[in-house]
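Listed below are the residues making up each chain.
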Amino acid sequence: LRVVCIYLSMKKSMKAAVLIQRWYRRYIARLEMRRRYTWNIFQSIEYAGEQDQLQLSSFFSFMLDNFTQLNGNGPDLISQLLDPLVDPWLDRETCYNQIHVPESYTGPRLSFPLSVSDTSALLSAFKEQQTLHARYALQLLYETKKLLKQMPNIIHLSTSYIKDITICGDLHGRLDDLLLIFYKNGLPSADTPYVFNGDFVDRGKKSMEVVILLFAYLLLYPDSMHLNRGNHEDHIMNLRYGFTKEVMQKYKTHGHEMLQLFQDIFSLLPVATVIDGKILIVHGGISDQTDLDFLSSIERHKVSGNKAVDLHPPPLSSLLQIVDILWSDPKTQEGCSPNTFRGGGCYFGPDVTQRLLLRHGLQLLIRSHECKQEGYELCHGGQVITIFSASNYYEEGSNRGAYVKLGRELVPRFYQYQVSRSTLRAAEGSALRALKEKLFAHRCELMAGFLQCDRNNTGSVSVSEWAQVLESVLRLDLPWRTLRPHLTRLAPDGSVDYPSCFEDMGPGNPLPQVAPNLAETLFRYRTDIEIIFNIIDKDHSGLISAEEFRHTWRLFSAHLGVDINDRAIDDLARSIDFNKDGSIDFTEFLEAFRVVHKLDSKDQHLSGKMDGEKC
């Protein structure tokens, strides 16, 4: 009897263990599904934003071509906006000496040439949230510009006299990641050389501190600290993704001078690094047209990092080669094709990689440019490495950062880290908020698509029709059926109640009286409009003239092909000139076209419900 009881007890235990194991496997599978679609949302929206940025660049070209016809005053205004004259004050080599540093300033007081004590002082100050005084920041930028002018387009390094070289990818203003790299791997020195592979700035809140440190170590150890240019080392990108705004906020008096210097410095950064003649390091990638000999010969300071307008354009071949190495991404398919997802550069296949490596006697391509969940990724049979050093790039917990080390044997060794960890729920919630804002900004197009499917005007469509409309309008290549519970409700018959896609969101402030198609355009292109207005607003007062507003809007609507008549634009200009002085506070105006989530608790409720179901 005891044996039977033991047997039955063991049988029950085994059955329970099997059930637990099945539950756990389902839980892990669902967790992985959530992690994947969260990642896909972040990446799709990021690339869509970059595509918008390149379209904005083409708008600047459109402005140059069409401003005379619309304004009658010639292109002088636009020329000043996009190719500003250098401030004569900046031409004086020692202009920074005229800036007074008060006795009350407790931050680093740099002396040039820099010493180890200066870089140590910068590290300590930035850890304590201090800002480097404008007098020293400007001098550091001047010295950096002078040094970069002497450098070739492609830097050649050797491992003959060093133990190894550390290569870091995108930092995007994440000071904590940079400090963690230095802590784990050692500060830059003759014994610890680094290559930072572009995209030092934008998106993060500490871009200024990141570049100041990188430039300081470049000045201190010019033979051991190496900086490649990324696609975000570009003044037009900086306008959209935050660096310009950060500089103006931290240096209100001398921000303009600094931005002009940064524009010069970014254009002077080398475009590639080669280690031992075997390892090629570029920010983005290559194309079937990439020629390292040609890249070595171009005047890099005359070539923009994206397809932005240039009043004095370089040869097209130079522009395309630079755009390709800053913007391109690898793909698994053979061949080379336009990078339609980003809107710039190309997709290059393993055959393209192999041909370039063979032509130049190389064995490995190291690039950055793409966020990877583990901080790095190998592709093309191990011949291409992507390295990305900004952890928590999309949201806390979204990804790890990494760097790679190469010794004399040129075998890559990867090191991963994460500044802080967060739950999947936080990253998922942030991704879904961003996606809902995208839906709201395309509300008219989406509603038109739903109504085509809903001939009887019932307010509902099938799940398949709902997903097809979202993909055709947004073109984000997302798993819409999986995301459906987070974005909309089902009707009692199982169809999708499509108006519920938009019920959680609304404008930031009460809207001015504008035509529906104009309001839709304002919501969708709010970021682009803000960039254009910030360019026009030279003194960063937040005000532009009503006439400038009208001219810019006529050009923008013509460029987009949006049917907005002059009367609607004039009515809008009058309605937002609140004190009738001929000036428009566009910061307040744009706030009305910021999407606000009315029911932030709904995401938490849905996530909690899903977790409850899993457990």
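Preceding this section is the structure that the text describes.
What you see is a predicted model; the values in this text were computed from it and never measured.

## Brief notes about the side chain of Asp 351
Inspection of the secondary structure puts Asp 351 in helix H13 (residues 350-359). Apart from the residues lying within four places of it in its own chain, the contact partners of Asp 351 are Glu 334 and Gly 335.

## Points about the pattern of salt bridges
Summed over the entire model, instances satisfying the criterion amount to 16 salt bridges. Linking Lys 145 and Asp 264 is a salt bridge whose minimum nitrogen-to-oxygen distance equals 3.0 Å. Here Asp 264 lies in helix H10 (residues 255-268) and Lys 145 lies in helix H5 (residues 134-149), a separation of 119 residues in the sequence. What makes Lys 145 buried here is its relative accessible area of 19%. Residue Asp 264 is classed as partly exposed on the basis of its relative accessible area, which comes to 28%. For the salt bridge of Asp 351 with Arg 355, the shortest nitrogen-to-oxygen distance reads 3.6 Å. With Asp 351 and Arg 355 both in helix H13 and four residues apart, the pair spans about one turn of that helix. Residue Asp 351 is classed as buried on the basis of its relative accessible area, which comes to 16%. The partly exposed category is assigned to Arg 355, whose relative accessible area is 44%.

## Quick notes on helix H9 (residues 243-250)
Those residues of H9 not exposed but buried are Phe 243, Thr 244, Glu 246, Val 247 and Met 248. Those residues of H9 that are buried are in contact with helix H7 (207-220), helix H8 (235-241) and H10.

## A short note on the nonpolar core
Of all hydrophobic cores here, the largest spans 76 residues; its most connected members are Leu 132, Phe 196, Met 258, Phe 262 and Ile 366. Excluding residues that lie within four positions of it along the chain, Leu 132 makes contacts with Tyr 105, Pro 108, Leu 110, Leu 122, Phe 126, Ala 137, Ile 212 and Tyr 251. If you look at the next biggest cluster of nonpolar residues, it comprises 32 residues, including Phe 42, Ala 390, Ala 431 and Leu 483.

## As for the sheet that holds strand E17 (residues 496-497)
Read from one edge of the open sheet, three strands run E15-E17-E16, paired in antiparallel fashion. Since the sheet does not close on itself, it has two edges, and those belong to strand E15 (460-461) and strand E16 (489-490), each with one partner. In this structure, E15 lies alongside E17, joined through two bridges in antiparallel fashion. The residue bridging Val 461 from the neighbouring strand is Val 496, located in E17.

## Examining the pairing of strand E10 (residues 364-367)
Burial along E10 is two-sided: the residues Leu 364 and Ile 366 and Leu 365 and Arg 367 are all buried. Examined bridge by bridge, strand E6 (residues 279-281) and E10 share three bridges and lie parallel to one another. The residue of E10 that forms the bridge with Ile 279 is Leu 364.

## Observations regarding the pairing of strand E13 (residues 401-407)
For E13, the buried fraction is high: seven of the seven residues fall into the buried class. Sheet analysis places strand E2 (residues 164-168) next to E13, joined by five bridges and oriented antiparallel. Bridge pairing in E13 links Ile 165 to Leu 406. Pairing geometry for E13 and strand E14 (residues 413-417), over five bridges, is antiparallel. Residue pairing across strands places Tyr 403 opposite Tyr 415, the latter belonging to E14. The hairpin turn running from E13 into E14, its antiparallel successor, is five residues long, and Leu 410 in that turn takes a positive phi close to 60°.

## Remarks on the environment of Lys 250
On the secondary structure map, Lys 250 appears in helix H9. Of the residues examined, Lys 250 reaches a relative accessible area of 27% and is grouped as partly exposed. Taking C-alpha positions, Lys 250 is 9.5 Å from Leu 132, a pair spaced 118 residues apart along the chain.

## A look at the environment of Leu 179
For Leu 179, the location among the structural elements is in helix H6 (residues 175-185). As a C-alpha pair, Leu 179 and Phe 126 span 53 residues in sequence and 9.8 Å in three-dimensional space.

Rules used throughout
- Residues numbered from 1 in each chain as written.
- Predicted model: local features only at pLDDT ≥ 70, side-chain atom pairs only at ≥ 80, totals over all residues.
- Heavy atoms only, no water.
- Helix = DSSP H or I, 4+ residues; strand = E, 2+ residues; numbered from the N terminus.
- Contact = heavy atoms within 4.5 Å.
- Salt bridge = Lys/Arg side-chain N within 4 Å of Asp/Glu carboxyl O.
- Buried < 20%, exposed > 50% of the residue type's maximum accessible area, 1.4 Å probe, protein only.
- Core = buried A, V, L, I, M, F, W, Y, C linked by side-chain atoms within 4.5 Å.
- Pairing = 2+ DSSP bridges.

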